Each structure stands twice: as structure tokens, then as C-alpha cells.
Amino acid sequence: VVQRLQRVPEVAALTQGASFCGKGQWGMEVHIHEWLLASSHLVHDPEEADFFLVPAYSICMFEGGFFPLAQLDVMYTDMVRGLPYFKRNHGRDHIFTFGSGMSANVFRSWQEEIPEAIFLTPETWLFNDFPDRTEPCFNTWKDIAIPGYLHRHEILSLASQARALASRRSAEL
């Protein structure tokens, strides 16, 4: 069960450009958000929510030139501090999507602001754009690895090139 976040101004700014941001691996941030908004598991009473998806198209906002990293950090910090139910469980019932190798590091203050929150990400290792970061953001005890977004035409193209299992050579160790 998820609850729609309303009245948090930064959510609107960080979820702009869905048609632009919904493509490529980063598109998983947009498509998970849209999928949950259409879900029968969406509740309108936050007291009934088991989890809260915090929508933000972080890497698209950065790579697309919407906001620089420093501004994203301020926006994320303000957003998290404005989430009405975040402190109740130290964020352990809040889910953030991070669709790139930078993962949560696109929100530079994540270790101080959302260390116990759940991350959905296709990247589980350290992608080191930041020399001061020496540990990956992904934590196997709380986070979930998911595939990046592939458009239908990409899936069909890959499937058309796949060899039948019987015709593949198996690896020997």
C-alpha cells in the first residue's frame, strides 16, 4: 500500500519533464511513479499507507540540465524535511528511486537525510564520479535492485537477436 505525496512543493519540481525523463535507464524513476499512481494499492489516507514512494527524477533533473547537483541537494533536503510521515519510522517506510550509476549520490546529503530509507535502483556498485565517496549507496539489507527501464522496441530488438537456448554453448568452469 502506498500513499500519494501531496503538498510537498519540491515533489512537483523534481517530477517535471516526465515525457523527457521517461526514456532510457533513468525512465524507471518515471514509470514506477506512474505505475504506482495507477495502482489499486494507492491509498488516500496516509495512516493506512505501509510505504510512501517519494517521486523524483533525480538523474534526469541533473543530466537534463534542469538543476545542478548543489541545487538538487538543497531541494532533496527540503523535500525530505517536509515529508509529514518521514520521521515516524526514521524514513524506513519511504521509498526513493535512483536510476543511474550515481545512485543516491545525486542527493549529496543522502547519508545524513535518508540513510534508513529504501532505495530502488538498477545500480548496486560504487560508480565513482565522486572521489570523496568510497562506499556504494546500495545496502542489501534495505534496498532493492531493479532493472533499468527498457522501451518495448528495445526489448523486441533484443529478443529478435537472441539465440534459442538449445543452440547456445554453455560455459565450462
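Structure shown above.
Thresholds applied
- Residues numbered from 1 in each chain as written.
- Predicted model: local features only at pLDDT ≥ 70, side-chain atom pairs only at ≥ 80, totals over all residues.
- Heavy atoms only, no water.
- Core = buried A, V, L, I, M, F, W, Y, C linked by side-chain atoms within 4.5 Å.
- Buried < 20%, exposed > 50% of the residue type's maximum accessible area, 1.4 Å probe, protein only.
- Helix = DSSP H or I, 4+ residues; strand = E, 2+ residues; numbered from the N terminus.
- Contact = heavy atoms within 4.5 Å.
- Disulfide = S-S within 2.5 Å.
- Pairing = 2+ DSSP bridges.
- Salt bridge = Lys/Arg side-chain N within 4 Å of Asp/Glu carboxyl O.
- Patch = residues over 30% accessible without salt bridge, like charges linked within 9 Å, V, L, I, M, F, W, Y side chains within 5 Å.
- Areas by Shrake-Rupley, 256 points an atom, 1.4 Å probe, with all protein chains shown as cover.
- Phe/Tyr/Trp six-rings, centres within 6.5 Å; stacked < 30°, edge-to-face > 60°.
- Lys NZ or Arg CZ within 6 Å of the ring centre and 35° of its normal.

**Remarks on the nonpolar core**
Core analysis: the biggest nonpolar cluster contains 32 residues, and Tyr76, Phe96, Ile114 and Phe119 have the highest contact counts within it. Breaking this core down by element, the ones donating at least two residues are helix H1 (9-14), helix H4 (58-63) and helix H5 (69-82). Considering every element that reaches this core, the biggest residue donor is H5, with six residues. Ignoring sequence-local partners within four residues, the contact set of phenylalanine 119 consists of Phe96, Phe98, Ala104, Trp110, Ile114, Cys137, Lys142, Asp143 and Ile144.

**Let's talk about the state of the cysteines**
Considering all chains together, one arrives at one disulfide under this definition. The partner cysteine of cysteine 21 in its disulfide is cysteine 60, sulfur to sulfur 2.1 Å. For the disulfide bridge between cysteine 21 and cysteine 60, the dihedral angle about the S-S bond is near -75°, and by the sign convention the bridge is left-handed. Of the two residues, cysteine 21 is situated in helix H2 (residues 18-21) and cysteine 60 in helix H4; the sequence distance between them amounts to 39 residues. Judged by relative accessible area, cysteine 60 falls into the buried class, the value being 1%.

**Re the sheet that holds strand E4 (residues 94-97)**
Sheet strands pair by backbone hydrogen bonding; their relative direction is either parallel or antiparallel. With parallel pairing, four strands are arranged side by side in an open sheet as E3-E4-E5-E6. A single partner strand is all that each edge strand has here, and the edge strands are strand E3 (52-54) and strand E6 (144-145). Summarising the sheet, E4 and strand E5 (residues 118-121) pair through three bridges and their orientation is parallel. Across the sheet, threonine 97 pairs through a bridge with leucine 120, a residue of E5.

**Re the pattern of salt bridges**
The final tally for this structure, using the stated rule, is seven salt bridges. The closest approach of N and O atoms between arginine 88 and aspartate 93, which form a salt bridge, is 3.4 Å. In this structure aspartate 93 comes out as buried when scored by relative accessible area, which is 6%. Because the salt bridges share partners, they merge into one network encompassing Glu47, Arg88 and Asp93.

**A closer look at a nonpolar patch on the surface**
On the surface, a cluster of nonpolar side chains totalling about 280 Å² of accessible area is made up of Leu150, Ile155 and Leu158. Relative to the assigned elements, leucine 150 resides in the loop between E6 and helix H7 (152-161).

**Looking at the pairing of E5**
Of the two faces of E5, the one holding Ile118 and Leu120 and the one holding Phe119 and Thr121 are both buried throughout. Pairing geometry for E5 and E6, over two bridges, is parallel. If you follow threonine 121 over to E6, its bridge partner there is alanine 145.

**Quick word on the environment of methionine 75**
Positionally, methionine 75 belongs in helix H5. C-alpha separation for the pair methionine 75 and histidine 44, spaced 31 residues apart in sequence, amounts to 25 Å. Beyond its immediate stretch of four places on either side in the chain, methionine 75 contacts Glu10, Ala13, Leu14 and Phe67.

**Topic: the side chain of histidine 33**
Tracing the sequence through the fold places histidine 33 in helix H3 (residues 27-37). Setting aside residues up to four positions removed in sequence, histidine 33 forms contacts with Thr15, Leu53, Pro55 and Tyr57.

**Some points on the environment of glutamate 112**
Relative to the elements of secondary structure, glutamate 112 occurs in helix H6 (residues 110-113). Placed 55 residues apart in sequence, glutamate 112 and serine 167 show a C-alpha to C-alpha distance of 51 Å.

**Description of the packing of aromatic side chains**
What the rule picks out here adds up to seven aromatic pairs. In this structure an aromatic cluster arises from ring pairing among Tyr76, Phe96, Phe98, Phe107, Trp110 and Phe119. Sitting above the plane of the phenylalanine 119 ring, lysine 142 keeps its charged end 3.8 Å from the centroid.

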